[in-house]
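The primary structure of each chain is shown beneath.
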Amino acid sequence: MAVRRSKGETIFLAVNYLVMALLCLSMLFPFWSLLAKSFAAASVPSTQLYFWPSQTTLANYARVFANKNIWIGFGNTIFRTVVGTILSLVMSIHVAYPLSKKYLPNRTFWTSLIVFTMFFSGGMIPEYILVRSLKLYNSRWALIFPILLNTFNMIIIRNYFMSIPDSLEESAKIDGANDLLILYRIIIPLSFPIIATVVLWTAVSHWNAWFDSLIYISDGNKQVLQTILRRIVLEGSLQLMELQGGAMAMEASNVSSEAIKAATVIVATTPILVAYPFLQKYFVKGVLVGSLKG
Amino acid sequence: MKKTSLIQRYWKNKYLFLLLIPGVLWYIVFKYFPIYGLTLAFKDFSFRKGIIGSSWVGLKHFTYLFSLSGFRRAFTNTLIINFYQLLFSFPAPIIFALLLNEIVHIGYKKVVQTISYLPHFLSWVILAGMFMQLLSPSTGALNHLLGVFGIGPFYFLGDPRYFRGTLVVTNLWKSIGWNSIVYLAALSNIDTQLYEAARLDGANKFQEIIHVTLPSIAPIVTVMLIFQMGKLFGDNFDQVFNLYNAAVYEVGDVLGTFTYRMGLRDMQYSLSTAVSLVTNVISFSLVIITNAIAKRINDYGIW
Amino acid sequence: MKKGFVVLSILFLGLTLVFAAGSKDAKTDGKMNISWTAYQMAPTAKNAPMVKYYEDMFGVGLDVWNIDYQQYTELLNIRLAAGEIPDMFMVMNPADLSGYVEQGLLAPIPLEKIKKFMPNTYATYQRDFPNEFAMGQIDGQFYGLASISTGNMFRLPIIYNQTWLDALGLEVPTNIEEFERVIYAFAHGDPDGNGKKDTYGLSMDGLELLWGMYGMVPYQDYFSVKDGRIAFMPIEPEMKEALAYARKWYQDGVLDPEFITGENAGGYWAISHSFINGRVGMTVRGNYYHWLYPGDYNEYDDGKPIPNQVGAVSKELLAISPDTKIAFGQPLKNMDGTQGGIRGYHMLARFYGIGADVPEEKMDKILEILEHMGDSNPDRDAWATARHGIQGEDWRWLEKDHETILKLGQYMDRESYRYENGSVFWWTSGSELKSRQAEWGRLMEFDKNGIYSVFPLSLEAMNRYNAQLQTLREQAYIQIITGARPLDYFDTFVAEYLKIGGKEVIDAVQAWYAANN
């Protein structure tokens, strides 16, 4: 693709590249310092700034992974993230599609009914009572069903559907396709970028959620990763303040509480960070429309 | 006559409606069934009697809230800070997405994109410590840098004049990459033929953005803007709570931090419901108004 | 690819349905079943051995609620609001007791029953903690058994940079005059000898020493008795005097101009970065044990000495500057020679109550269990077993006469192990501290001159006005210290303070005081 550029455009591009590079450096910095800290040995002071710690150790990670509960947490979090995201996506698309159609009877009413709930909700107590009476208490589904639909995400999908030219659909209708067929054959394939966006949003919010687990789950085997990591961090700092109970760890420990904290952040975020590059191909400029039309 | 036609219309669109039913049922069960909890704002909550059995007290909690000088100030601060967010943090991800879109090297673009969303995953507790060191007037790197140009030093976190600006900029930095994703998705769906046509007409990059790119992402920008209006009372509790201090209460105390210090999380369910009801009624109205305006201008909206 | 995706997701959903199929636990075989709330860091496992152990010992079924202790009150309240009340009802925040009683969620515990079923605990209350015990009483009836953290007998530590003091030829100050000399020298005498003006006397936390000299804890609701009446010192004329000092220190560059953002720049809360980075020469941050230096005391395993662990803050400090020595000071004496104090922690930590509607027989049983689990249990093996699990498996004695143990197995590096294991029924009903660490703390006199509130609970009026009162207070102090407002603004502030709820709060506490003393 040899595009001739004017001088102005070239300067603009150069500046653009530079600005992006600087911005990235500033954004990489906190993450990098956490990563570096997570490898720091206990002898490295937690308050010092460094590019890479003078003494490194894997003991911080060993400590995090030595806790057998972390695997339980990973299992439960992956479950809620994968199942929750798939179900949410399926629901969102199927609600968004009818609402995107101007000819849906009483469309304004249905939309209002849904958007209203974004601003008015009953609060934690009735929601807890509801989950209890649905027999979802202490079940992994309690972390999925109450947030099955996110109105914001759904509206974003709906508006994307609306921006797809009607002409595509009309020609399919003439060929005798019904609404379902149009949704699956035309609309969804055209909407991969927005679907990827919503998948990312939903997955990340599932991955990071922990308070619902505290409310709805009492069984230790159903705890999510975030609650277990919070506990590991706490244990790390508890060792610094043990009041009674005497000698805690007799051998000089090679972990420091700040380094454990850094390691848990890395452990908690890396898996979900890795998901992004896989979705990225759907954000690449203008591939799909052209191929579909051709 | 009109009734029959409605039924006929539903029958004609039966597949569409079939798709909608499970969703509507979910909304009824999970959103409308618990909504009776809102009545708490008009009741004195009793643990023993439950929400339904508690006695009505009318507008008591609302008049009480507005009689608190701290509440009124938190109310205005929230509004002002969020207005700044709207002014600066709302357009920033759009501009970022446009700039990113101009990058020709796919590899570089992907790397930038991936890095830019990293800060979203760091909590304010962690970031607050870093900003405290970075923004210190005597030892912070930023003031050292500004000092080279002969500006400053500024006490960004301790001076009421700069605190709101600091909140807005740090939040912008944290969220710009994450918030740009939806715009990148919209950009990726623009028909390349449109660009080719524009280029044939002799348009330069800037004209291309004005005449092709922006109109194509206008629908999504509109919807995001409407929702942003609904967040004018939104909660940036974590950020403010971790960054503020007594010297900047005047300008930085927001609804979330104020109600936190009131201890509303514990037993005063009625008061906290009243707070959220007030802000949500206003937010909802703002959304309706913005939506109506948007519909008039470019025919895109939530309704 | 689309078809494959559909098949895959259906398969996955099917699998997960199996995986997530709920299991019901029913535990009723005619035994009395007691639901129990506890201070627990981790949920207790279903078949936890220690739960079984105590179920067998007391012939009851124990149903632990597993509420995460960091969000305890919030989570408990949701369940209470949904109509569930635990039989053994732990009140995490002592201030909440009156609220729960008003809401009818707690049962009154007859004093006769406490005497009958908890003789040892009652005796300890009578002997050592009569005030704390009395706090559990509302309108003449007991609703909460006071849980007492004797570790709180140690007040905030006062730390000076000994190396700086030596360089300047100064001593640890004992009164305000000496203190001013020291902090002015810290700020202007180049104590680190680097030739640069980059040091200060003190920062935010160090100011506690100044407030303490006047018997004040201005950022907390500490009430004092002055001339026989309840007084809130932070709005009394003494505060104005104290602010005059702080204001002068700020102007003279002795108080760190960045004190507003505090001494801790993220990370572990107890660390004063200003102090360990050599920016200020004194602080009162953390607890005494955070400042333990190598060799402060020894513990003994079978006669073999084990040196103490270095405190969390000392460790950071020594990593940055290995040669820095520290010295501990006592609260300052005022100009007139009266000994000042410094903020102490309240010993009343929690309340243990009995849920409303609990039948008498069950209440007796709960009290009996609490007696066994408390600190006054004379059988120290049983006492340690309740806290740490099975002797010989999870722990062994290190020095029994000092009540210190050595953790074994998984418990060694996982604090939450004991909670998973079911060691959740113990509670701190209050006992003398016998550990070597506490001995050292007493030796260094960290238990001397603490300031305590005569009223550590909370009243309706305090809940109501607390947020705006606290805000006004903190704001006024900062504005006066930094010179944004004149010192005489203090009088305006006090008038405003009393007007927006301060008076109601003091009157309410006065009423309580009059009724209880």
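The rules behind each value
Residues numbered from 1 in each chain as written. Chains lettered and ligands numbered in written order. Predicted model: local features only at pLDDT ≥ 70, side-chain atom pairs only at ≥ 80, totals over all residues. Heavy atoms only, no water. Helix = DSSP H or I, 4+ residues; strand = E, 2+ residues; numbered from the N terminus. Rg over C-alpha atoms; globule rule 2.2 N^0.38 Å. Buried < 20%, exposed > 50% of the residue type's maximum accessible area, 1.4 Å probe, protein only. Contact = heavy atoms within 4.5 Å. Areas by Shrake-Rupley, 256 points an atom, 1.4 Å probe, with all protein chains shown as cover. Lys, Arg positive; Asp, Glu negative; His and termini not counted. Charge placed at Lys NZ, Arg CZ, Asp CG, Glu CD. Buried area = accessible area lost by both parts, 1.4 Å probe. Salt bridge = Lys/Arg side-chain N within 4 Å of Asp/Glu carboxyl O. Polar contact = N/O pair within 3.5 Å; in protein donor to acceptor, adjacent residues only side chain to side chain. Pairing = 2+ DSSP bridges. Axes fitted to C-alpha atoms, helices over the stretch in contact; angles between N-to-C directions. Left-handed = near helix turned anticlockwise from the far one by under 90°. Nonpolar A, V, L, I, M, F, W, Y, C, P; charged D, E, K, R; others polar. Parallel < 35°, antiparallel > 145°, perpendicular 65-115°, else oblique.

J.: Help me out: how do you make sense of the overall build of chain B in this one?
T.: Helix and strand counts for chain B come out as 16 helices and 2 strands. In terms of overall dimensions, chain B is more spread out than a globule: its C-alpha atoms have a radius of gyration of 24 Å, far above the 19 Å expected for 303 residues. Overall, chain B is about 70 × 70 × 30 Å in size when its C-alpha atoms are taken along their principal axes. When the 303 residues of chain B are sorted by exposure, 55% land in the buried category. A fraction of 64% describes how many contacts in chain B between residues 6 or more apart in sequence connect residues 24 or more apart. A total of about 13600 Å² of accessible surface is found on chain B, and carbon and sulfur atoms cover 68% of it. Averaging the coordinates of the 24 positive side-chain charges in chain B and doing the same for the 13 negative ones gives two points 12 Å apart.

J.: Teacher, can you tell me more about the overall build of chain C here?
T.: Looking only at helices and strands, chain C features 19 helices and 19 strands. Counting only C-alpha atoms, chain C reaches 75 × 70 × 55 Å along its principal axes. When the 517 residues of chain C are sorted by exposure, 60% land in the buried category. Taking as baseline every contact in chain C between residues at least 6 positions apart, the subset at least 24 positions apart corresponds to 71%. For chain C, the accessible surface area stands at approximately 20600 Å², while carbon and sulfur atoms represent 52% of it.

J.: Help me out: how do you make sense of the interface of chain A and chain B in this one?
T.: How big an interface is tends to be stated in terms of accessible area lost as the parts join. Listed per partner, the contact involves 88 residues of chain A and 84 residues of chain B. Between chain A and chain B, a total of about 8500 Å² is buried, with carbon and sulfur atoms accounting for 74% of that surface. The interface formed by chain A and chain B contains 0 salt bridges. Applying the counting criterion to the chain A and chain B interface returns 17 residue pairs in polar contact (both at pLDDT 80 or more). Among the elements that take part in the side of chain A that touches chain B, helix H1 (residues 7-38) of chain A stands out by supplying 16 residues, more than any other.

J.: Where do I start with the pairing of strand S16 (residues 348-355) of chain C in this structure?
T.: Side-chain direction in a regular strand flips from residue to residue, so the side chains alternate between the two faces of the sheet. Residue and element names in this part refer to chain C. Here S16 lies mainly inside the structure; 8 of its 8 residues are buried. Here strand S4 (residues 106-107) runs beside S16; their pairing, made up of 2 bridges, is antiparallel. Residue pairing across strands places Leu-106 opposite Gly-355, the latter belonging to S16.

J.: How should I be thinking about unusual backbone geometry in this particular structure?
T.: Apart from glycine, the bulk of residues carry a negative phi angle, and the bulk of peptide bonds sit in the trans form. All names here are of chain C. Even without being a glycine, Glu-403 presents a positive backbone phi close to 55°. For Glu-403, the position within the fold is in the loop between strand S17 (395-399) and strand S18 (404-407). We classify Glu-403 as buried; its relative accessible area is 10%. Even without being glycine, Asn-449 reaches a positive phi, approximately 60°. Position of Asn-449 relative to the elements: it lies in the loop between helix H17 (436-443) and strand S19 (450-451). Taking the relative accessible area as the measure of exposure, Asn-449 reaches 29% and is therefore partly exposed.

J.: Honestly, the packing of helix H10 (residues 160-188) of chain B against helix H12 (residues 205-230) of chain B in this entry has me stumped. Any pointers?
T.: All names here are of chain B. Two numbers describe how H10 lies on H12: the axes approach to 9 Å, and their chain directions differ by 145°. As for the relative orientation of H10 and H12, their crossing is right-handed in sense. Side by side, H10 and H12 meet where Val-182, Tyr-183, Ala-186 and Leu-187 of the first sit next to Thr-213, Ile-217, Ile-220, Val-221 and Met-224 of the second. Per-class residue counts for the contact of H10 with H12 are 8 nonpolar, 1 polar and no charged.

J.: Even after reading the chapter, I still don't get the packing of helix H4 (residues 107-119) of chain A against helix H16 (residues 269-298) of chain B, so can you show me in this structure?
T.: The packing of two helices is summarised by the inter-axis angle and the distance between the axes. With their axes 9 Å apart at the nearest point, H4(A) and H16(B) run at an angle of 140° to one another. Between H4(A) and H16(B), the crossing angle belongs to the class labelled oblique. Between H4(A) and H16(B) the crossing geometry is right-handed. Contacts from A:Val115, A:Phe116 and A:Phe119 in H4(A) reach B:Asn280, B:Ser283, B:Phe284 and B:Val287 in H16(B). Considering only residue class, the contact of H4(A) with H16(B) consists of 5 nonpolar, 2 polar and no charged.

Interpretation note: all reported values are geometric properties and have no functional meaning in isolation.
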